[in-house]
Every structure is written in C-alpha cells, then in structure tokens.
Amino acid sequence: MEHFQQIIEYFGSSPIIIRSSSLLEDNFGNAFAGKYESIFLANQGSPEQRYIQFAEAVKKVYSSTMNEDALAYRKQRGLDKSDEQMALLVQRVSGAPHKNYFFPDLAGVGLSHNIYMWNENMNPKEGMLRLVFGLGTRAVNRVEGDYPRMVALENPLQRPYSEKDDLRKFSQHEVDLIDTKENILKTISFENLINEKSYMDIDRVAVKDDEAMRMMSKNNTEDKEYWILTLDNIFGDDTLIDTFKNILKSLEKSYSYPVEIEFTVNFAEDNTFKINLLQCRPLQTVGLGNRVEIPNLVKKENILFESQGYFLGGNISQGIQRIIYVAPGKYSKLVLSDKYEIAHIVGKLNSHIENREKLPTLLMGPGRWGTTTPSLGIPVKFAEINNIAVLVEIAFPEGNLMPELSFGTHFFQDLVETNIFYIALFPEKKDVIFNDNFFKKEKNLLTKLIPQSAKYKNVIGVYDISSEGLKIMSDIISQKIICFSDSKRTSK
Amino acid sequence: MISTGIKGLDSVITGLREGDNVVWQIDDIKDYAELVKPFVEQALKEKRKVVYMRFASHKELLKPSLKIKRYELNAYAGFESFATKVNNIITQEGEGTYYVFDCLSELLSAWATDLMIGNFFMVTCPYLYELKTVTYFSILRYNHSFKSVARIRETTQLLIDVYHCEGCFYIHPLKVWNRYSPTMFLPHQRENDKFIPITDSVNAVKLLSYIHEKGAESAKRNLDYWDLLFIEAEELARNNTSENKTKNMVKKLCNIMLTKNKKILSLAMQHFSLEELIEIKSRLIGTGYIGGKSIGMLLARKILSEDTPLNWQKLSESHDSFYIGSDIFYSYIVQNQLWKLHMQQKTEGEYFRVAKIIKEKMLYERSRKKSWNTFSRL
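Given the structure is predicted, the values throughout are model-derived calculations rather than measurements. (Residues numbered from 1 in each chain as written. Chains lettered and ligands numbered in written order. Predicted model: local features only at pLDDT ≥ 70, side-chain atom pairs only at ≥ 80, totals over all residues. Heavy atoms only, no water.)

The next thing to look at is the interface of chain A and chain B. If you look at the interface, chain A gives 69 residues, while chain B gives 65 residues. Summing both sides of the interface, chain A and chain B together bury roughly 6,100 Å²; the carbon and sulfur share of this comes to 61%. Across the chain A-chain B interface, the total number found is one salt bridge. The closest approach of N and O atoms between Asp320(B) and Arg92(A), which form a salt bridge, is 2.7 Å. Along the contact surface separating chain A from chain B lie 25 residue pairs in polar contact (both at pLDDT 80 or more). Listed by contribution, the elements that provide at least two residues to the side of chain A that touches chain B are helix 1 (2-11), strand 1 (16-22), helix 2 (47-63), helix 3 (68-76), strand 3 (86-92), helix 9 (239-255), strand 13 (259-267) and strand 14 (273-282) of chain A. Considering each element in turn, the side of chain A that touches chain B owes the most residues, 11 residues, to helix 2 of chain A. Looking at side-chain class alone, the side of chain A that touches chain B contains 29 nonpolar, 23 polar and 17 charged residues. Of the pairings in the sheet, the one linking strand 3 of chain A to strand 11 (residues 322-324) of chain B comprises three bridges and is antiparallel in character. (Contact = heavy atoms within 4.5 Å. Buried area = accessible area lost by both parts, 1.4 Å probe. Salt bridge = Lys/Arg side-chain N within 4 Å of Asp/Glu carboxyl O. Polar contact = N/O pair within 3.5 Å; in protein donor to acceptor, adjacent residues only side chain to side chain. Helix = DSSP H or I, 4+ residues; strand = E, 2+ residues; numbered from the N terminus. Nonpolar A, V, L, I, M, F, W, Y, C, P; charged D, E, K, R; others polar. Pairing = 2+ DSSP bridges.)

In structure tokens:
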C-alpha cells in the first residue's frame, strides 16, 4: 500500500511502535489493555526491508483480534457478535540512543486513583505510578521476579523495607530496550548495561550496591560495578511528582472518572524533563462486566460478606467458583505444628487450581496471610497462594489475629504483580457483614481433594459453588465491596 | 431466460440469468423505481420469491405488500453489522430469490467512504451469485470515486448506465458478463417498450458529450467521498463563515473518525476544533476510525494543553504519530478473501475454531515476499 510507504519514509530509520487501537479498546467500560498486540520495530535496514517488517507487524496486530484470550474476553462481555474494528496507532518510540541501544530514561503507567492503597491513613485520590527504567513494556506487563518501582504520589519515597537485601530483590533488574545494531527489541540486565558503559546517568536512577561489590571483590578480580535501580534520586525534588499529580488530576476532572495513563520521561542534561503521554483511558475494571454497578438490594441471606473500604485491586466484578475458608476460631486454637500444617494444606489446594481464569478461587482466613509468625496468621509462602483470585484476611480479635498488609512489603508486591485482589474484613465493625453460615449448606470437598488432611476438615472448608453464581464486586468511588450469590440459594 | 419485465430491455442484454447482479447507474431515484417495478411484477407473476432490502431515506421503491418480503436495515450500525445482516438474510432466504436493494449511494452518508461501499459489494455479490439469485442495485452517477466504481464493475455481472437527454430516456450497458451482441454496448433510446440502439455517429457523439459534460468534475472523482468531505471541511475552516456549519462539521467528523462511544464522543466534541480534526485526518492513513488508543492519546494531550497552570507545551514531548484507519482492517479481510470465514466465525459453535483458521491465514497465508502484495490492492 502506497500509504504505508509514506509512513516508512517519514520515520526513516527511527524506531517505531505499531499499537493496536481497536474501537472497543480503551473506551469507558472495556479493558482490552494488553489483549491485542503492540509491536516495536527497531526499523533499521533498507526501505524495502523496513516496509516488509512494517507490513508483517500490521498483519500481526490484525491477527491478534483472533487471539484466544481476546476472544474469550469479548465473549465474557457479550461482545462476541459485535464488530471489533482494528485501527492502528503508529508512534515514534520516545527515547534516546545509548550506544547501540535506544530507550527512554523512564516509562510507566499512572493511575489517578491509587487502587493499591487500602490503608486508612493514606489518600487513594493522590494516585500512583508504576515506573521502569527503559521501555515501558515492563511496567505494563507483569514479569515474574522483576519489580517495577511502585510510587504512591502522596509519598514517593515510602518503602518499608529496611534491609538492603530486600531493596535489591524487589527492584527492577532487567531492562527492555531496542537494539539498533541487531534490529530487535530485547531485554538485557541492568548490570550488563552498566558494565558495557551504555548508560551514563546511572546516578539518576540507581544507587551503588556497596555491599554486593564488597562481597564480589573478595572472590572476583573483575572490576565490576553493582547498582540497584531504586529511581529514588528522581524524587529528590518534587517537580516530577507534582507534575504527575497535576496531570492525573486534570485528566480525571475532564473525564469525570479516574484515569490510567501510559507515558515516558526523558531527562535533559540540566535535569529538566519532557513527558511523552502515550495514552489515556478511563480506569478499568478487573474481571467481568462493564462498569461495575453494585446492586442495592441483595437479600441478606445471599450475602457472604459486605464491607466498606479495605480492599485493593480497583474495580472488580469477579465470578467465584471455589471458596477455601480457614475458620478463624478453629485456627487460633491449633498448636503451632498444626498451624504450619494448615499452611501446607492451603499450598496443596492452591496447586490444585490449574487455571485461575477457569477456576476463580476465593481464599479466606484469619489475620495476615504470609506472615512468618503463625500466631498472627497462616504462614504460607507466596508460591502457596499464587493461583488464588481473591484473598481475604479476616479480623479475629479474640485470637489476636488482625489483617495487615502494608504497601511495599514483599507479599504486597507479589500480590500486585500477580494481580490478586485483596480484601481485609473486620466483622466487628459496623457496616460490615460476614455471614459464615453461608457455608453450612455446602459440601466440604477437603477430604476428597486431599484425603490425608481429614483431620483438619473442621478447620478448612473447600466449597465449589459454581451453581450459586457467587460474585465479588467492588467500586472504588463508593469504596463498597460485596460478595453475594446471584441466583436463589436452594437448600441441598 | 429471466426477464427484466421490459421486453425491449431483455432483447438488448439478451435477458437476465441466474446469479446476475445488476447495477443501475442513475441520476434520479425515480428512474431506478421505474426499472424495479416491471422487474418485480414479472417476478411475482412467475411466482418468484421477492425480497426488498430497505435502508435508504429515499422514497420506497416497493409498497408494502404481502407478496414481497421486506427487511428494514440500519446502515448507521456500521459496515460490519450491515454486511453481516445482509449476509444472514441471503443465507436464510436461500437459492433463487430475487432481491431489490435501495440505492447504495445512500450508504455514503452513513459510512462516509466509497471504499466501504466497494467492500460491501465485494462481499455480497459473489454470495448472491453463488445462490443463483437475481439482484437489482443502483448507484448515483458521479457520486462515487472512479476507484470504487471500478471495483463494482469488476464484481458485478451487469452495469448499466441510465440517463435522460432532451426529454428522451436512455440506457447504456457498460458491462454485460458472458453475453454479447454487436449493438449491446451502445446507448439505447427508449421508445415505449422498445430500446433502439444509437448506431449513427452524429447522434452518439451528441448524446455522449452531453452526458460527459454533466460529469465534468472528473478530477474530484479521483477522490473518495471521504477526502471530498475533508476538502469541504478545510474550506469551512478557511472561510470561517458560519459557526453553526462549523459545529455540525465537527460533530460529523468526530462521529466518522474518532469514536462511537458516547461519552468519549461528547468529550471529543467539547475539546477538538475543526482545524484540529483536519490535522488528525492529515495523519490518518485510509478511512474510518482512529480507534481507542489514538483517541485516548489525542484527547488527553488536548485536555492537558488547555490546563494553563500546567504549562504542558513546555513539559510535553510532542508527537508525530500516524493512524491507520479501521476501514483498512476490513479491506484487508475482504481483499484477502477472509470475509466468509469472518462471517462463519460469528456463528454458533464456530467462535474459537474458525478464529484459529483466520489467524493462521492472516499471518501465514502469504509468504513474506508477498507482504507487498497483501496490502498493495488496498
């Protein structure tokens, strides 16, 4: 097509990205984010080669309308019979060359409403950023074992780990960039990037890891430098943070709804910066349904729980098929070794969930999940709950078991990165309903799933409730959350 | 032989045949109505099943009648749902049905581009042919770009010009597939039930130059309706005459280029000026919508630039993005013969299975070398 030629000639050999821009995407109510492809082109080579690469990329994005998860998503939302027209957005990649590489200093996602802030003392309306060094692919997608910098705009430097080990572990280690020499998009470690001396302004984004250098220098003669990508220096003065606060506020106001943006930031030598706004959309809902509309009148006996605030993960409308419930009263009376055993069983149940989408599971238990102190909560490791869709911590004051999830902890980071919705439930509070009679009519599948655990069948209940149409809905504006059964409950 | 209901006409084109798509190129919808009437009467006499596809705002071609099945279609629902509905009706009505479509040129006001009318024709006609139907279409002369008339000509079995000159009525077959007579492709003057070929050069020259003069704006017809609309918009922006007209144009352009989503649409109309829309169009490849991501980016940047304390101009890295319009996507599907599968994919039980096939075809059907070709015809 002659017009494609026009684009090829215009951008020359600058790297470009071809992004899906379908009609359903990014409008109010539909979150197709990440369902269709976007393709980076290093865009090197002769005009003919570039044309072919371009045409191939267009085909790839077009064909992604037929991707299974995009189709499943459309079907779930009743959009399987409606048109899905795919337009494309061809953007110049924002950034600068660094030797053979091309990437922006920073890239990320911004939310005008901090959906990961549940703590009462914080103001979710201040918004948040997920920032990475290099191309934004790592901020948009979740990569196991690698952590973008989460920034609460209210307090950007807040990070509760005290240990340097944690800082090292819960930071970004890999960088996405365009390799113009090899003409591809690739991922390399930050360590290599530094040691190849391909990025000069290290001080801006990272701090020297003296401890690692000391340790390494003992048994290594190589003159290698070790850094941790903290991005802390960027927040040295408030300019950048204030700018993002203002941008997000301004957009939220115009949209009359919380928004989500994607952007890059590039610094000049004098430390001034330019922001490239790549896109903006109304904040999306997780799970099924369009805009979450929480029903007003749900019969009390159909409610499993209802609460105000204390959840994180944003708007959700999620069907639930299995509940795993650890009874607080029973758990608190167990001896220490049994408490560990409970954690172990939960881990086994977790590994029974083959597909989180197909068997969305609600895990409920007393106190803090993932604690190392069994008297405060069930001492699971994160890998023992990683297939759960929704995690609930129930307050049980008699046993001194209280929910506690702080922003920035490992467990928190992993929940966010794995997209697990989190709720803290305080049954003692006014306005909170928790109806543990809900399970009484259900058959406990524990011994069927794990025969050797029969001893604990009074402590752990596993219920498949697919026929009940159980649903969890939350709304960040009213801060209401409810878990209820859609269909009429019939006694079995 | 199947009759047009007009004896003289039958002898000019040696009658209609099973599978014929007939496109009448007209100046006035009345002429089309006069051709439709005898065709339908004849068909009913022969106890044929007659279906009327009603979607235009022009006067109805056929009065409601028990003998004629009538479908009311909404062109504003967009190309895909329109073409899908038509496809489903054709499937349902089965072989040997006779169809009358409202004037296709009316689709321009809904779709704003010739290209998609060509696409509609390309997906619908072969199917009508396959099911041995006989179908009447019409388009308004001089209303479509040369390119889309060429695509219609390529696809249809018959294309016939209809015009008036000095009080006389003429037909002029431009394409009659698989049929030939020495005078077939000459203009014919109607005298009652007869059509007399204009064989002498004096009259032929006189007539054809008259017709040609009427279509003198041929330079414009190298352009799609879409481009003409934007030329009009540019003139409006330059002359800055009527605020009302400008506002209507903004609304129209937002509706055909930016979004179908009501909330986003109202935001767009509130923030974009006519000049800005023209600028967006200048970076749009093809026709149709720019899609969700593009509108999100443009709208947000515009909102921020209006927020004076923010000083966005100084803060922001400017962008020079291109947009590839949503119609290109459909054209890609249609021109690579994937439309049938596309329809099939939407039928019960085929959703995931056929999607896999389409995906494969979209990606691998043509070798890398042919990447040039897969887009070259768009």
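Attention now moves to the sheet that holds strand 21 (residues 390-394) of chain A. Taking strand neighbours across the sheet as the criterion, the six strands line up as 17-22-21-20-19-24 (chain A) in an open arrangement whose pairing is mixed. In the strand order of this sheet, the two ends are held by strand 17 (311-312) and strand 24 (460-464) of chain A, each with one partner.

Mapped onto the elements, Glu93(B) comes out in helix 3 (residues 79-93). In this view, Glu93(B) contacts Lys49(B), Val51(B), Lys69(B), Tyr71(B) and Tyr99(B); residues no more than four positions away in its chain are not counted.

Turning next to the nonpolar core. Ranked by size, the top nonpolar core spans 83 residues in total, and within it Phe190(A), Met257(B) and Leu258(B) carry the most contacts. Excluding anything up to four places from it in sequence, Leu258(B) contacts Leu253(B), Ala268(B), Phe272(B), Leu277(B), Ile280(B), Tyr289(B), Ile290(B), Gly291(B) and Ile295(B). Ile316(A), Ile385(A), Val416(A) and Tyr422(A) belong to the second largest nonpolar core, which has 78 residues in total. (Core = buried A, V, L, I, M, F, W, Y, C linked by side-chain atoms within 4.5 Å. Buried < 20%, exposed > 50% of the residue type's maximum accessible area, 1.4 Å probe, protein only.)

Turning to the domain arrangement of chain B, a few remarks are in order. Often the size quoted for an interface is simply the accessible area lost on bringing the parts together. All names here are of chain B. In terms of domains, chain B is made up of domain 1 (7-214), domain 2 (224-324) and domain 3 (336-376). Placing a centre on the C-alpha atoms of domain 1 and another on those of domain 3 gives a separation of 31 Å. Facing eight residues of domain 1, the contacting portion of domain 3 comprises five residues. The contact between domain 1 and domain 3 buries some 540 Å² in all, and 62% of this surface belongs to carbon and sulfur atoms. If you sort the residues of domain 1 by the area they bury against domain 3, Glu80, Thr84 and Val123 come out on top, with a joint share of 60%. Counting across the domain 1 and domain 3 interface gives two salt bridges. The partner of Lys346 in a salt bridge is Glu80, and the shortest N-O contact between them spans 2.3 Å. Counting across the domain 1 and domain 3 interface gives three residue pairs in polar contact (both at pLDDT 80 or more). Of all the secondary structure elements, the ones that give two or more residues to the side of domain 1 that touches domain 3 are helix 3 and helix 5 (114-130). In terms of residue count, helix 3 provides more of the side of domain 1 that touches domain 3 than any other element does, five residues in total. (Domains from an automatic or database assignment.)

Moving on, we get to the sheet that holds strand 11 of chain B. Read from one edge to the other, the open sheet built from five strands follows the order 2(A)-1(A)-3(A)-11(B)-10(B), with strand pairing classed as mixed. Of all strands in the sheet, those bounded by a partner on one side alone are strand 2 (38-41) of chain A together with strand 10 (284-285) of chain B. With two bridges joining them, strand 10 of chain B and strand 11 of chain B adopt parallel strand pairing. Within strand 11 of chain B, the position partnered with Ile285(B) by the bridge is Ile324(B). In the packing of helix 12 (residues 292-305) of chain B onto the sheet, contacts are made with strand 1, strand 2 and strand 3 of chain A together with strand 11 of chain B, and the angle to strand 1 of chain A comes to roughly 105 degrees. (Axes fitted to C-alpha atoms, helices over the stretch in contact; angles between N-to-C directions.)

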